[in-house]
Amino acid sequence: MHRPCGLHGWIRWWRFVDETSSEVARHRADPLASAVVQLDDVRKSFNRGTPIETEVLHGIDLVLPRGQFCAVMGPSGSGKSTLLNIVGLLDRPTSGRLCICGEDTTVLDDQALTRLRGLSIGFVFQYHHLISAFTAIENVMMPMLGHAHFPDPQMRERAAALLADVELAPWADTPVTQLSGGQQQRVALARALVMNPALLLADEPTGNLDSRSADAVFALLRRFNREQHMSVLFVTHNALLADRCDRTIRVVDGVIGA
Ligand SMILES: Nc1ncnc2c1ncn2[C@@H]1O[C@H](COP(=O)(O)OP(=O)(O)OP(=O)(O)O)[C@@H](O)[C@H]1O
Ligand SMILES: [Mg+2]
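Our subject in this report is the structure included herewith.

Rules used throughout
- Residues numbered from 1 in each chain as written.
- Chains lettered and ligands numbered in written order.
- Predicted model: local features only at pLDDT ≥ 70, side-chain atom pairs only at ≥ 80, totals over all residues.
- Core = buried A, V, L, I, M, F, W, Y, C linked by C-beta atoms within 7 Å.
- Buried ≥ 20, exposed ≤ 12 C-beta atoms within 10 Å, placed from the backbone.
- Contact = placed C-beta atoms within 7 Å.
- Pairing = 2+ DSSP bridges.
- Helix = DSSP H or I, 4+ residues; strand = E, 2+ residues; numbered from the N terminus.
- Near = placed C-beta within 6 Å.
- Nonpolar A, V, L, I, M, F, W, Y, C, P; charged D, E, K, R; others polar.
- Expected span 1.5 Å × (residues − 1).
- Arc of directions from axis to C-beta.
- Right-handed = clockwise from strand over helix to strand, strands pointing away.

## Quick look at the nonpolar core
The tendency in soluble globular proteins is for nonpolar side chains to be buried as a group. Among the nonpolar cores identified, the biggest contains 67 residues, and Val-140 and Phe-234 are the most heavily contacted of them. The residues touching Val-140, leaving out its near neighbours within four places in the chain, are Ala-159, Leu-162, Leu-163, Val-187, Ala-190, Arg-191 and Val-194.

## Details of the sheet that holds strand 2 (residues 54–65)
Reading across the sheet, the four strands line up as 2-1-4-5 and stay open at both edges, with antiparallel pairing between neighbours. Only two strands of the sheet have a single neighbouring strand rather than two, namely strand 2 and strand 5 (103–104). Of the pairings in the sheet, the one linking strand 4 (residues 95–100) to strand 5 comprises two bridges and is antiparallel in character. Paired with Ile-100 across the strands is Glu-103, a residue of strand 5.

## Brief notes about the site of ligand 1
In the neighbourhood of ligand 1, the contacting residues comprise Phe-46, Asn-47, Val-56, Gly-74, Ser-76, Gly-77, Ser-78, Gly-79, Lys-80, Ser-81 and Thr-82. Element by element, the count of residues in the shell around ligand 1 is highest for helix 3 (residues 80–87), at three residues. Looking at the shell around ligand 1 residue by residue, the class counts come to two nonpolar, eight polar and one charged.

## Here's the deal with helix 3
The buried fraction of helix 3 amounts to six of the eight residues, a majority that puts the element mostly inside the structure. For helix 3, the set of buried residues is Lys-80, Ser-81, Leu-83, Leu-84, Ile-86 and Val-87. Leu-89 sits one or two positions beyond helix 3 and adopts a positive phi of about 65°.

## Quick notes on the environment of Val-255
Position of Val-255 relative to the elements: it lies in strand 10 (residues 255–256). The class for Val-255 is partly exposed, based on 15 C-beta atoms found within 10 Å. For the pair Val-255 and Gly-59, spaced 196 residues apart in sequence, the C-alpha to C-alpha distance is 6.7 Å. When sequence neighbours within four positions are dropped, the list of residues in contact with Val-255 reads His-58, Gly-59 and Ile-60.

## Considering helix 6 (residues 152–165)
With 14 residues, helix 6 should reach 20 Å at 1.5 Å per residue; the first-to-last C-alpha distance of 20 Å fits that figure. Residues of helix 6 that are buried: Met-155, Ala-159, Leu-162 and Leu-163. Burial along helix 6 is one-sided: seen end-on, the buried residues are contained in an arc of 100°. Exposed side chains of helix 6 directed beyond 90 degrees from the buried face belong to Pro-153, Gln-154 and Glu-157. Once helix 6 ends, the next one or two residues include Glu-167, with phi positive near 60°.

## With respect to the pairing of strand 7 (residues 199–203)
Side chains on a regular strand alternate between the two faces of the sheet. Counting buried positions along strand 7 yields five of five residues, so the element is predominantly enclosed. Covered by surrounding structure in strand 7 are Leu-199, Leu-201 and Asp-203 together with Leu-200 and Ala-202, the residues of both alternating faces. Sheet analysis places strand 6 (residues 121–125) next to strand 7, joined by five bridges and oriented parallel. Within strand 7, the residue paired with Ile-121 across the bridge is Leu-199. At this point the chain moves from strand 7, through helix 8 (residues 211–228), to the parallel strand 8 (residues 231–235), and the crossover so formed is right-handed.

## Describing the environment of Ala-239
Residue placement: Ala-239 occurs in helix 9 (residues 239–243). On the basis of neighbour counts, which here come to 10 C-beta atoms within 10 Å, the residue Ala-239 falls in the exposed class. It is 8.3 Å that separates the C-alpha atoms of Ala-239 and Met-73, two residues lying 166 residues apart in sequence.

Following this line, the structure appears as structure tokens:
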């Protein structure tokens, strides 16, 4: 099949490489597991085997229960993003064990990790990483494209409902380049939620916003966390927002402080 072109090209391409619904079920981690994230003695080194090898995470133990909204604070360079990338299955630990919804990810191959990530984890970053050629609703639909159990009308309906939830219904068909920073971040949030993930990882999602937009994005995160019982790891340098979370962990020099 040729390289995809435009949203419908992507849809066809994803369907071409798609899995069956039973495979989807196989790769979705246990939604009833009580700990959504569990790390046991997780370490991460960069540039392994070279003279500049550095260990950045030095044995992290962490349990994130279902439905908990947990702030992650700590100085710049302490390892917060490294930790989130590992929990989000974007990077592998050098050693230790990471379970997502009870599933030991250390034994999974790359394809299984990709499936698990797509079905169980949503991401929001400091910079929204939206696809600038697409409209708001097309961006929100993107994560659903690989899954045959979403027919086209259902995908659009779900994306439209989420855009309404983040108060962007009138902008659904607007190219994302024409939206403000706060609006773009709300599109990114809708996209992160579209697969109804058990876990949302938010790496300074409000760091780039003015205080009013930051408040709006935080309030939405909190609302989805409560309504959908979704666990959240929320990296922030804002102590006032951290105070509104269920719990705060501090990463200092690659370990979780007291
Ligand atoms: N791919 C990489 N290769 C080498 N070193 C890296 C890599 N990614 C991160 N590091 C190093 O790991 C350390 C932790 O980085 P990380 O991005 O996790 O910090 P952070 O706590 O998220 O900081 P900030 O608050 O500034 O976002 C830093 O010293 C960084 O230089
Ligand atoms: Mg960071």
